[in-house]
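What the coordinates show
For reference, the chains in residue letters:
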Amino acid sequence: MKYSMFIGRWQPLHKGHLWLINERLKEGKNVWLAIRDVEPDENNPWTAEEIERMVHQGELKDLIADGRVITSIIPDIESVNYGRGVGYEIIEHIPPTEIGEISATSIRKQMRKDGKL
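Residues numbered from 1 in each chain as written. Predicted model: local features only at pLDDT ≥ 70, side-chain atom pairs only at ≥ 80, totals over all residues. Heavy atoms only, no water.

**Considerations on the nonpolar core**
Ranked by internal contacts, the top residues of the largest apolar core, which has 16 residues, are Val 31, Leu 33, Leu 60 and Val 69. Only α1 (15-25), β2 (31-37) and α2 (48-57) provide two or more residues apiece to this core. Setting aside its immediate chain neighbours within four residues, Leu 60 contacts Leu 13, Leu 18, Ile 21, Leu 33, Val 55 and Val 69. (Core = buried A, V, L, I, M, F, W, Y, C linked by side-chain atoms within 4.5 Å. Buried < 20%, exposed > 50% of the residue type's maximum accessible area, 1.4 Å probe, protein only. Helix = DSSP H or I, 4+ residues; strand = E, 2+ residues; numbered from the N terminus. Contact = heavy atoms within 4.5 Å.)

**Topic: the pattern of salt bridges**
Inspection of every chain in the model, using the stated rule, returns 3 salt bridges. Lys 26 is the partner of Glu 23 in a salt bridge, and the nearest nitrogen-oxygen pair spans 2.9 Å. Residue class for Glu 23 comes out buried when judged on its relative accessible area of 14%. The exposure class of Lys 26 is exposed, given its relative accessible area of 63%. Note that Asp 76 and Arg 36 form a salt bridge whose closest N and O atoms lie 2.7 Å from each other. (Salt bridge = Lys/Arg side-chain N within 4 Å of Asp/Glu carboxyl O.)

**Some words on the side chain of His 14**
Of note, His 14 is situated in the loop between β1 (4-8) and α1. A polar side-chain atom of His 14 sits 3.0 Å from the main-chain amide nitrogen of Gly 16. Apart from residues lying up to four places away in sequence, His 14 is in contact with Ile 102, Ala 104 and Ile 107. (Polar contact = N/O pair within 3.5 Å; in protein donor to acceptor, adjacent residues only side chain to side chain.)

**Comments concerning the sheet that holds β1**
An order of β1-β2-β3 is seen for the 3 strands of this open sheet, with the pairing classed as parallel. Each edge of the open sheet is held by one strand with a lone partner, namely β1 and β3 (69-75). When strand polarity is set aside, the average angle formed by the axes of neighbouring strands in this sheet is 25°. Against the sheet, α2 touches β2 and β3, its axis set at about 175° to β3. (Pairing = 2+ DSSP bridges. Axes fitted to C-alpha atoms, helices over the stretch in contact; angles between N-to-C directions.)

What follows is the structure, encoded as structure tokens:
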């Protein structure tokens, strides 16, 4: 089975991410969320394991149970590289303005203000 891979920190997974994931799902594609194992800090308050647990308990849980979405933790990366004729595409999804303006930084800031982080 093939998957459309998305690499990210997902700190936290939000509506902008879900829009992006749904772009592939609505085309009948499966999705693989590769969770970068970044060192927790101000911009990355959760560990990769905590993010994976939140993803599995959140809005994607039914798709995960069905195997349409899978997750894995990967080492932190500095770049994504490929050679010619590798058998897969590199696809950019341009979100509508209201989705593109969603910011995990703003979400974390509000969570801190609300005492949730």
